[in-house]
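Descriptive structure summary
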Amino acid sequence: MNQRNLLNKTIQKIHPVDPSITESAEHILEEKMHGDGAAFGTLKDLLFRYLAICNTADADHIHRPKYATVIACADHGVAEEAVSAYPIDTTVEMMKNYLISCGGAANAFSSFIGSELLVVDMGTKKDIGDLPGLIKRRIANGTKNMAHGAAMTREEAVTSLEVGIELAQELISRGINIILPGEMGISNTTASAAITAAVCHMGAEEVTGRGTNISDQRLKHKTEIVRKILAINMPDARDGIDVLAKVGGFEFGCIAGLILGAAAGHAAVILDGANSSAAALIAATLSPHAVDYLIASHLASEKSHRESIKHLGLTPFLSLDLRLGEAIGSSIASSILNHMIGLWQLLAHLPEKPEIPRFEQKCMPKFSQKITDKTFDVYLHTMQGLDKESMEKCRHRLDNLAKPIHSLGFLEEIAIEIAGIIGEERPATDQNAALVIFTKNKLPLLLEQMIGHMSDDIEVPPYLATLYEGLSAYAAFNFGRDLAEELSLSYAVLGLAFGNSEDEDIDQMSRELRKALLTETGELRYDPEDFLRHAPEKYQEQISAFMGAMIAAAHNCTLILLDDAATEIIARYTEHLCPAVQPYLLHVQPRLITAGVRLPSGILNLFGLSIVYAALNMLNEMKTFAETSVSVATDGPGAKRQRRV
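Residues numbered from 1 in each chain as written. Predicted model: local features only at pLDDT ≥ 70, side-chain atom pairs only at ≥ 80, totals over all residues. Heavy atoms only, no water.

1. A closer look at the pairing of strand β4 (residues 178–184)
Across the seven residues of β4, seven count as buried, placing the element largely inside the fold. Taking every second residue as pointing to the same face, both faces of β4 are buried, with Ile-178, Leu-180, Gly-182 and Met-184 on one and Ile-179, Pro-181 and Glu-183 on the other. In this structure, β4 lies alongside strand β5 (residues 268–271), joined through two bridges in parallel fashion. Directly across from Ile-179, in β5, lies its bridge partner Val-269. (Buried < 20%, exposed > 50% of the residue type's maximum accessible area, 1.4 Å probe, protein only. Helix = DSSP H or I, 4+ residues; strand = E, 2+ residues; numbered from the N terminus. Pairing = 2+ DSSP bridges.)

2. Digging into helix α17 (residues 409–422)
Spanning 14 residues, α17 covers 21 Å between terminal C-alpha atoms, matching the ideal 20 Å at 1.5 Å per step. By the criterion of burial, α17 is predominantly enclosed, with twelve of the 14 residues buried. For α17, the full list of buried residues reads Gly-409, Phe-410, Leu-411, Glu-412, Ile-414, Ala-415, Ile-416, Glu-417, Ile-418, Ala-419, Gly-420 and Ile-421. Just downstream of α17 lies Gly-423, where phi reads positive at about 75 degrees. (Expected span 1.5 Å × (residues − 1).)

3. Concerning the nonpolar core
Counting residues in hydrophobic clusters, the biggest one holds 227 residues, and the most contacted among them are Leu-411, Phe-438, Met-450 and Ile-570. At 13 residues, helix α23 (residues 603–621) tops the list of elements feeding residues into this core. Beyond its immediate sequence surroundings of up to four residues, Met-450 is in contact with Met-33, Phe-40, Leu-343, Leu-346, Leu-347, Leu-599 and Ile-603. Counting 20 residues, the second-largest nonpolar core is a separate cluster that includes Ala-85, Phe-625, Val-630 and Ala-633. (Core = buried A, V, L, I, M, F, W, Y, C linked by side-chain atoms within 4.5 Å. Contact = heavy atoms within 4.5 Å.)

4. Quick word on the side chain of Ser-297
Among the secondary structure elements, Ser-297 is positioned in the loop between β6 (294–296) and α13 (303–312). What makes Ser-297 buried here is its relative accessible area of 0%. Here Ser-297 is in contact with Ile-270, Leu-271, Asp-272, Pro-316, Phe-317, Leu-318, Gly-329, Ser-330 and Ala-333, once residues within four sequence places are set aside.

5. Some remarks on the sheet that holds β6
In any sheet, the strands associate via hydrogen bonds between backbone groups, in a parallel or an antiparallel arrangement. The six strands lie next to each other as β3-β2-β1-β4-β5-β6, forming an open sheet whose pairing is parallel. The two strands at the open ends of the sheet, each matched to only one other strand, are β3 (134–136) and β6. On average, each strand axis in the sheet is tilted by 30 degrees relative to the strand beside it, whichever way the strands run. Alignment of β5 against β6, held across three bridges, turns out to be parallel. Pairing of Leu-271 across the sheet is with Ala-296, part of β6. (Axes fitted to C-alpha atoms, helices over the stretch in contact; angles between N-to-C directions.)

6. A closer look at the pattern of salt bridges
Pairs may arise between side chains of opposite charge once their charged atoms sit close together. The full count for this structure, using the stated rule, is 35 salt bridges. With a shortest N-O distance of 2.4 Å, Arg-591 and Glu-413 are connected by a salt bridge. Taken as a pair, Arg-591 in the loop between β12 (585–587) and α23 and Glu-413 in helix α17 lie far apart in primary sequence, 178 residues in all. For Arg-591, a relative accessible area of 27% puts it in the partly exposed group. Look at the salt bridges and you will find they share partners, linking Asp-36, Asp-505, Asp-507, Arg-511 and Arg-598 into a network. (Salt bridge = Lys/Arg side-chain N within 4 Å of Asp/Glu carboxyl O.)

7. A closer look at helix α2 (residues 19–32)
With 14 residues, α2 ought to run about 20 Å at 1.5 Å a step, and its terminal C-alpha atoms sit 20 Å apart, in line with that. Just downstream of α2, His-34 is the residue with a positive phi angle, here 55 degrees.

8. Structural notes on the environment of Arg-174
For Arg-174, the position within the fold is in the loop between α6 (154–173) and β4. Here Arg-174 falls in the partly exposed class, since its relative accessible area comes to 35%. The spacing of Arg-174 and Lys-66 is 108 residues in sequence and 9.7 Å in space, taken between C-alpha atoms. Beyond its immediate chain neighbours, meaning those up to four positions away, Arg-174 contacts Lys-66, Glu-116 and Leu-118. At a separation of 3.0 Å, a polar atom in the side chain of Arg-174 contacts the side chain of Glu-116. (Polar contact = N/O pair within 3.5 Å; in protein donor to acceptor, adjacent residues only side chain to side chain.)

9. A short note on the sheet that holds strand β7 (residues 360–363)
Pairing is parallel in the open sheet, where six strands are placed in the order β7-β9-β8-β10-β11-β12. The open sheet is flanked by β7 and β12, the only strands paired with a single partner. Within this sheet the neighbouring strands show an average axis-to-axis angle of 25 degrees, counted without direction. When strand β10 (residues 493–498) meets strand β11 (residues 559–562), the two strands line up parallel, connected through four bridges. Residue pairing across strands places Leu-494 opposite Ile-560, the latter belonging to β11. Packing against the sheet, helix α21 (residues 540–555) makes contact with β8 (433–439), β10, β11 and β12, and its axis sits at approximately 170 degrees to β10. Lying on the sheet, α23 is in contact with β8, β10, β11 and β12; it crosses β11 at an angle near 135 degrees.

10. What to know about the packing of aromatic side chains
One pass over the full model with this rule turns up six aromatic pairs. Measuring from centroid to centroid gives 6.2 Å for Phe-48 and Trp-344, while their planes differ by 75 degrees, and the two rings are edge-to-face. In this pair, Phe-48 is assigned in helix α3 (residues 43–54) and Trp-344 in helix α14 (residues 328–348), connecting sequence segments 296 residues apart. The pair Phe-48 / Trp-344 is uniform in exposure class, with both members buried. Connected via pairs of aromatic rings, a cluster forms that spans Phe-438, Phe-479, Phe-498 and Phe-546. We note Arg-591 situated over the ring of Phe-410; from NZ or CZ to the ring centre the distance is 4.4 Å. (Phe/Tyr/Trp six-rings, centres within 6.5 Å; stacked < 30°, edge-to-face > 60°. Lys NZ or Arg CZ within 6 Å of the ring centre and 35° of its normal.)

11. Examining the state of the cysteines
Overall, the coordinates contain zero disulfides when judged by the stated rule. There is no disulfide at Cys-73, and the cysteine sulfur nearest it, in Cys-254, is 9.3 Å away. Under the relative-accessibility criterion, Cys-254 is labelled buried at 0%. (Disulfide = S-S within 2.5 Å.)

12. Here we look at the pairing of strand β9 (residues 462–466)
Most of β9 is tucked away, with five of its five residues classed as buried. Across the two faces of β9 the burial is the same, with Pro-462, Leu-464 and Thr-466 and Tyr-463 and Ala-465 all buried. Here β7 runs beside β9; their pairing, made up of four bridges, is parallel. Counterpart to Cys-363 in the pairing with β9 is Thr-466. Of the pairings in the sheet, the one linking β8 to β9 comprises five bridges and is parallel in character.

13. Regarding empty space enclosed by the protein
Once rolled over the atoms, a probe with the size of a water molecule shows which space is left empty. In this structure the tally under the stated criterion is three cavities of 30 Å³ or more. Of the volumes computed, that of the largest cavity is approximately 410 Å³. Lining the largest cavity are 33 residues, and of these Asn-188, Thr-212, Arg-323, Leu-324 and Pro-404 sit closest to its centre. Broken down by secondary-structure element, the contributors of at least two residues to the lining of the largest cavity are α4 (90–101), β4, α7 (188–200) and α12 (274–286). (1 Å grid on protein atoms, 1.4 Å probe; cavity = no way out; pocket = protein on both sides within 12 Å on 5 of 7 lines; lining within 4 Å. Points joined across faces, edges and corners; volume = space filled by probe spheres on them.)

14. A short note on the packing of α6 against helix α11 (residues 250–264)
At their nearest, the axes of α6 and α11 sit 6 Å apart, and the two run at 45 degrees to each other. Relative to α11, the element α6 is oriented oblique. The interaxial crossing formed by α6 with α11 has right-handed handedness. Between α6 and α11, the contacting residues are Glu-156, Ser-160, Leu-161, Gly-164, Ile-165, Leu-167, Ala-168 and Ile-172 on the first element and Phe-250, Gly-253, Cys-254, Ala-256, Gly-257, Leu-258, Leu-260, Gly-261 and Ala-262 on the second. A class-by-class count of the residues in the contact of α6 with α11 yields eleven nonpolar, five polar and one charged. (Parallel < 35°, antiparallel > 145°, perpendicular 65-115°, else oblique. Left-handed = near helix turned anticlockwise from the far one by under 90°. Nonpolar A, V, L, I, M, F, W, Y, C, P; charged D, E, K, R; others polar.)

Below, the structure written as structure tokens:
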């Protein structure tokens, strides 16, 4: 079969997903969640999109995803224009890193979710021969310099699409049902900017970003090059092959082909950053229905990403400040999708499983313990600062991992924060974690089941901390303080949450605290030293216990994950009372997860733990420039911090 026939036949096999699947799933979720399925926010849409791709909402026929991460590698002639912070040899060096040193971000994150990793040579400037494990699909020794004419011929563009289709077909034949595409190719964000500008009808300034974290001067130059590329080549936005041939790259063709092949085979593709989304624009021009098989993961820092995602009509649910396209955000999204699929299967069988999950029970003493303002003051004035030396050593390692400097955004910040909290330069991946839920009443069975399922899934013990009516706020504070003192001896990470009662709406506490304690513009309404008496009386014990736990856990150098909007409000007041607590807090939503989830009782904490573990996995599994012999940056902040020897 010639290439053009395979491409056309694949496109003809792509059909829209059945909208009735989403309608059926929506009905089931509303029934199981007693009319409040929207409490899952856009994570509900993530699940429903996957169910629609699987063509069933029946939980008994939904299998856990089987992933393959595909890193397509190619060089770009436009690298001659000095638009990157790294030399063109870096592409080949990183291919060796993936397959020999196993120290790239792609290695760390595919390992994190148990994904198969494939590395494809689509056409680097230098042919490195038969590298063990390398899939060779070379089209040419890199593309031509698109600043002086088309990057490739139309036939080469079709060939690159064909390669992606064939790879998708092979993976699907082996049972893979989710493909995570990534790419490696110096100067490829110049290509993705040009693709996005062409397809979305935008100017060079609107889509050109820093890529490998280049300097202001080089960014200005890069923008001019993108403008020149568009003016010289005049790609036709209606013709994806024309856009790919004139301003794309071989790896973009491969990823677009993966998307088309996956759509034809009813498999999902989770997009990562700007480059994979630019490739998706190519695929969408060739087959608009292919978009039905795409899932967005995160919103990257690159300018073009926002525009391409918007044009595709997709909604990312992670905000990780990433600027590296090795299937990082899509791997974390995959972990969260796994949890959502598990919850879907749980909800489907809930009536058949009435057993209550096992929670560690911690009950507040029924007698009022003595505590004074002096106890509170001791915590405020003896709070330990973060270990700056460990943080700087951790930062130095992160800066020198084989990647563009600062390209892993919030994941790097989390790793550095944990290093400072526990006083280790390279904290181990398997940090012990626990979930603590402060409640005055029995949790609704539905929430107990969901928390128990997720806790078992990630091996995090849930503690139910029960408070009694009629005792003072001081006693509640002391209960939370004592509990956190005890748990922080065993756990480096604590998720703290409020539990709602069976007669409350799922986010009733959050709504009432927001109304009572915040202004209409979201500012703190009261002086932090006086806010508690303005809180609804029925929540004052829980708030006091939560504050006690937060302050004691921070005092004992424990990372604290915050849950829903209610915990965020109390954390804001606590931070004003005791600013030294702030470095120990990790705000899961909306800082990391932007899904509008309204579920209480620690569920968001458990989602957030996936991101924490991903950050630590990255820190420990990736290797440095010195360990991999990958070239360091020659421009931007990386040129000052990165060392190869």
